[in-house]
Amino acid sequence: MIPRAACLVLILGATWAGVLRSGAPPGLPTAQIIGQRAGFTGAYPRAVLADSQGRLWVASDIGGLYLGDGLRFLKVDLPGPLQGRSDSDVAEDRHGRIWLLSTGGLGTWDRGAWQVDETIKDRELTLRRRSEGIFSQPGGDLLVVASGRAWRIPEGGRPAPIPLPGTDADGDPSLTWQGSQLIANRGGRFWRETAKGWTDLPSLPMGGMEHPQGPLRCDGDGHLYLLTEHHLYHLAPGASAWRPLELALQVDGTRMTRLQDGRIWILQNQQALRILGGVITSLAMPRGFSSYGAEARCLDAEGNLWITRTDLVRIPALGLVLSHVGEGFPPPREVWSVHRDPNGPLWITSEAGVFRQNAEGWREVKGIPVANGLSAGPDGWLYTRSRRHLMRVDPRTLRSETVRIPLRKEGVEIRRGPVIHGRRLWALDPDGQLVAGTWKDGHWDWAWESSPPVPSGSSAFFLGDELGRPWLTFGHRTFCRVAERWEEVPMPDGIQPVDLSFSSAEEGLAAQFAPPAVVALARTATGWKSRRIVSPSELRNIGTLYAIRKDGRGNIWINSDRGVVRLEPGDPPRLHRYGSDLGLPADDTDQAALLPEGTERIWVGTILGLAEIRPGEGSGIPPLTVPSLLEARCGDWVRQAAEPFMSIRHGQGSVVWELGFPGPVRGEGAHFEFREAGGSWATLAGTALQFPTISPGRHTYEVRVVPMLGQPGPIRRLEIRVLPPWYRHPAAYTLWALLLVGTVHLLIRWRLSRLERRNRELSLAVAQATEGLRARERDLELVNRRLYELNDAKNRIIGLAAHDLRNPLSGILLHGELLQEDLQHPEAAKSLGAIRTLGTTMMDLIQRLLDVHAIEVGHAEAPRIDAMDLAAALAGTLERARTAAERKHISLSSGPAPTAWVMGDPAQVAQILDNFLGNAVKFSPAETTITLGLEDAGPCWRAYVKDQGPGLSAEDLSRAFGEYARLSAQPTAGEPSVGLGLSLVKRMAEAMGGVVGVDSVQGHGATFWLDLPKV
């Protein structure tokens, strides 16, 4: 919500001393200056227009044209000839067109587009009061007067010049509408336009120092008025002469206008003078309001009076709420009760004491600094409570005195009350005890009276209804004293009432404090009944209730912390709120400070003084209407006073609708809700309905105003037609299709020509390549045949050599063993041992070559796979390698050996394990340990050999099981290594369905393992 315009502070304090002022002063309205906080940055506003959709247009001498809803304004983008010019008047015709008269020309706004006629323009500002302007005829035509000439604008048409009479007279012409006829004035001479031309009217002889000030005016009854420096002249219909009205004019500052109520308005001397039929009535203006140069410009549908001076001023709902605070009134202090005695004077009690208003004005009651509540006693005095003392006031002399209650030695203080009915008086003391007094023989007889016990420290209310019955509420219980006994009254949810109002002994209303609610009470033969008629949800935005009363029409009035609420019966009930935005001194009202008088006046006490609501004055607050549209934007496109339909191109930009409230009064505290048609309502944050992205197609949205109180207003439908991008338009599709077909045709022809040429080139190349490939194929066949022959010869040579070498080596090894057994000389035995070792190594190498050869030629023996004990095979491997390990001083160890039955060839498994353990012994340094063990690897048993040798590098790990792979580690005792063992191991393991692998970190040994499937 845009913050409300800054308010003129019109409440002035006063020091009370006897009679404040002779005569009863009327209440005063408040005024609000519309400034930059509301978006109005112009100066010297000249005209204000409330158009048919409730929007406000303000034309300014300096600053241009503004459009708003009264709470905020947007500056209108004017066309070039009107920019930076002085705007003097603005009007609307019956077709909704807006006409703007300026020194740059006559502008016409029609459905978002401007048209400027630069031949019709106002003169530059030289005099403060001129006769130029735009004047509306009740029938629909407009009249434009500018630069000494006049034009008529017929319905839906363009301006047409009007020939004016009296061209020989002095002064500028002035024209006005009298019904459907034009009245012209020039230099004190007057004419009426008829079908036959201009006819004379009574002239007005003026002295040499007297000249017309501003345009000629006509009120709603057809009376004509002309303002000069010294007089306001009046010509009644059918009269033969002008006569001056009894009116003392403000020197050099009076302006005269006709407003929407048909009256002629003049602002001067802090009064608004209203003239109709030659009769002048006056309204008081806000305190401190300067009427110099002020002109009443517009009376909108809410009754707001818009005034132009050097600034823009709004008097909200003129005459509806009047403030009785400041000089001549009670001081701006909290008012606790309002009372009208049978003799006519009005009484209030407040933080400043007791005050009475009669025909002489307001007077203060001396001796009572603070007062709360006021009741008429049987002795003709008025009784009140002042700082826990019971006091009374003589209404004739305003003498006050303390009433002592002698039930205790020090007297009795009262916390709540008094309540007076007939000759009885009740009050509640600070301890919750009820004291009762009876007026008898010219004095009070006092006694304690039994009542429902009030718990210590509880918040209790002691009230009296219009029938004088005492009511006591505390905690969650409520009691009423009827016929000398207390009856308990059930309340919804046990919430105690803060105030009561009864139209009869059996039926009444109660206001619940918090949460706020209104309860209907009924006394029946079976007891009290209660039902909630206004729930807290209907009183949203209200925190607490203080007082409740009914007026003569059956409307319910409620004091609350957010102003005064009027509830009109109905289904659903209609709620209205009157707050500080309408002229109350403050929004926060008080308990019992509410007094309806008939149907025309409601007295209200607030925390800053007394106010008066006059529901019958002015036009009243109309029902909610649809939200107005102030502006629509999409990308770079901006349109003020937009229509509820927008057609845009997809991708043009974000869509924004700036919404306006139906008026500043109905918009105070309200908000907007929106939804897509048929969807759920959502609260709009702020006043701009925005759609950052929106898909092509037709979209319908609905918006409405939700007031601070009451039901939402009617719905306004907004339609957005989003056209597809230009490249998705049907014509664009046709163009795209033609372009595509032509492009494809050209591409196909170009491609076919290239393909034909390429085909010829490729055919020639293929023929040449084919011939070359055939020649190379023949050469390759010869080479391959030769290679096969060489490979077969190599394999035969290796096989023959291996067999031929194995037999002699076997003999050498046999004879070496026989000689070693018989020789006793150590050196000879050592040499024979070396011969035997070398022969064994050569035999091992030859055996491996034979195995490789058998595998390559496909003669390798297939493994004989059967169930076998892997633990036994591992134990045999350990025993076979023990001698070699002891020779290198290497320890062999084995962990626990569970029974591990696997599927494998025992001979090949032993060969694999011998290879792992032989390599471990070969590459392990002395004084280290080699560990053999078994692990359960899920579906397999794993046999591993773990050494403490140098380990394998990352590169060694990647090629450990390759053929003829020589790793970076070297045997520790110079043993030979050709790199065939691990490759044979891998082939044998895979042939048995097993897996071999190695885990190693360089410098921390290696673990070679074999996985074989379990039985």
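- Within an unreviewed UniProt entry, the label attached to the protein chain reads histidine kinase, and the organism entered is Geothrix limicola.
- As stated in UniProt under Catalytic activity (unreviewed entry), the record for the protein chain gives "ATP + protein L-histidine = ADP + protein N-phospho-L-histidine."

1. Describing the sheet that holds strand β40 (residues 434-440)
Then, in step 1: In spatial order, the strands read β38-β39-β40-β41; together these 4 strands make up an open sheet with antiparallel pairing. In the strand order of this sheet, the two ends are held by β38 (416-421) and β41 (443-449), each with one partner. Taken over all neighbouring pairs, the strand axes of this sheet differ in orientation by 20° on average, direction set aside.
Then, in step 2: Sheet topology places strand β39 (residues 424-428) next to β40; 5 bridges connect them, and they run antiparallel.

2. A short note on the pairing of strand β24 (residues 271-276)
Then, in step 1: Sheet topology note: the strand β23 (residues 264-268)/β24 ladder contains 5 bridges and is antiparallel. In the strand pairing of β24, Ile 266 is matched with Leu 273.
Then, in step 2: Connecting the antiparallel pair β23 and β24 is a turn made up of 2 residues, with Asn 269 showing a positive phi of about 50°.
Then, in step 3: In this structure, β24 lies alongside strand β25 (residues 279-284), joined through 6 bridges in antiparallel fashion. The residue of β25 that forms the bridge with Arg 274 is Thr 281.
Then, in step 4: Taking the residues that link successive antiparallel strands as the turn, the β24-β25 hairpin has 2 residues, and the phi of Gly 277 there is positive, at about 65°.

3. Quick notes on the side chain of Ser 501
Then, in step 1: Among the secondary structure elements, Ser 501 is positioned in strand β46 (residues 497-502).
Then, in step 2: Within polar-contact distance, the side chain of Ser 501 engages the side chain of Glu 466 at 2.8 Å.
Then, in step 3: For Ser 501, the contacting residues outside a window of four places in its chain are Glu 466, Gly 508, Leu 509, Ile 548, Arg 549 and Lys 550.

4. Notes on a positive patch on the surface
Then, in step 1: On the surface, Arg 751, Arg 754, Arg 757 and Arg 760 cluster together to form a positively charged patch.
Then, in step 2: Here Arg 754 is to be found in helix α2 (residues 730-822).

5. Let's talk about helix α7 (residues 981-991)
Then, in step 1: Every buried residue of α7 is listed here: Gly 981, Leu 982, Ser 983, Leu 984, Val 985, Met 988 and Ala 989.
Then, in step 2: Looking at the residues trailing α7, positive phi occurs at Gly 993, about 80°.

6. So, the nonpolar core
In a soluble, globular protein the nonpolar side chains are often hidden away together inside.
Then, in step 1: One finds Leu 870, Val 909, Ile 912, Phe 916, Leu 917, Ile 930 and Leu 1010 to be the most contacted residues of the largest nonpolar core, which totals 40 residues.
Then, in step 2: Elements represented by at least two residues in this core include exactly α4 (870-887), α5 (906-923), β69 (929-937), β70 (940-946), α7, β71 (995-1000) and β72 (1006-1013).
Then, in step 3: Those residues in contact with Ile 930 that lie beyond four places of it in its chain are Ile 890, Ser 891, Leu 892, Ser 893, Leu 917, Ala 920, Val 921, Ser 924, Val 945, Lys 946 and Asp 947.
Then, in step 4: Residues Phe 461, Leu 463, Ile 556 and Val 565 belong to the second largest nonpolar core, which totals 30 residues.

7. Focus: the packing of aromatic side chains
Given two aromatic rings, one states the distance between the centres and the angle between the planes to describe the pair.
Then, in step 1: Summed over the entire model, instances satisfying the criterion amount to 18 aromatic pairs.
Then, in step 2: Ring plane angle 85° and centroid distance 6.5 Å describe the contact between Phe 73 and Trp 306, whose orientation is recorded as edge-to-face. Note that Phe 73 is positioned in strand β5 (residues 73-75) and Trp 306 in strand β27 (residues 305-308), a separation of 233 residues in sequence.
Then, in step 3: By relative accessible area, Phe 73 is classed as buried at 3%.
Then, in step 4: Accessibility expressed as a relative area gives 0% for Trp 306, which makes it buried.
Then, in step 5: Aromatic ring contacts, followed pair by pair, group Phe 40, Tyr 66, Phe 73 and Trp 306 into a single cluster.
Then, in step 6: Above the plane of the ring of Phe 502 lies Arg 469, whose end atom (NZ or CZ) is 4.7 Å from the centre.
Then, in step 7: One cation-aromatic arrangement involves Lys 1014 over Trp 941; the distance from NZ or CZ to the ring centre is 5.0 Å.

Calculation notes
Residues numbered from 1 in each chain as written. Predicted model: local features only at pLDDT ≥ 70, side-chain atom pairs only at ≥ 80, totals over all residues. Heavy atoms only, no water. UniProt positions renumbered as here; feature names shortened; annotations may be inferred. Pairing = 2+ DSSP bridges. Helix = DSSP H or I, 4+ residues; strand = E, 2+ residues; numbered from the N terminus. Axes fitted to C-alpha atoms, helices over the stretch in contact; angles between N-to-C directions. Polar contact = N/O pair within 3.5 Å; in protein donor to acceptor, adjacent residues only side chain to side chain. Contact = heavy atoms within 4.5 Å. Patch = residues over 30% accessible without salt bridge, like charges linked within 9 Å, V, L, I, M, F, W, Y side chains within 5 Å. Areas by Shrake-Rupley, 256 points an atom, 1.4 Å probe, with all protein chains shown as cover. Salt bridge = Lys/Arg side-chain N within 4 Å of Asp/Glu carboxyl O. Lys, Arg positive; Asp, Glu negative; His and termini not counted. Charge placed at Lys NZ, Arg CZ, Asp CG, Glu CD. Buried < 20%, exposed > 50% of the residue type's maximum accessible area, 1.4 Å probe, protein only. Core = buried A, V, L, I, M, F, W, Y, C linked by side-chain atoms within 4.5 Å. Phe/Tyr/Trp six-rings, centres within 6.5 Å; stacked < 30°, edge-to-face > 60°. Lys NZ or Arg CZ within 6 Å of the ring centre and 35° of its normal.

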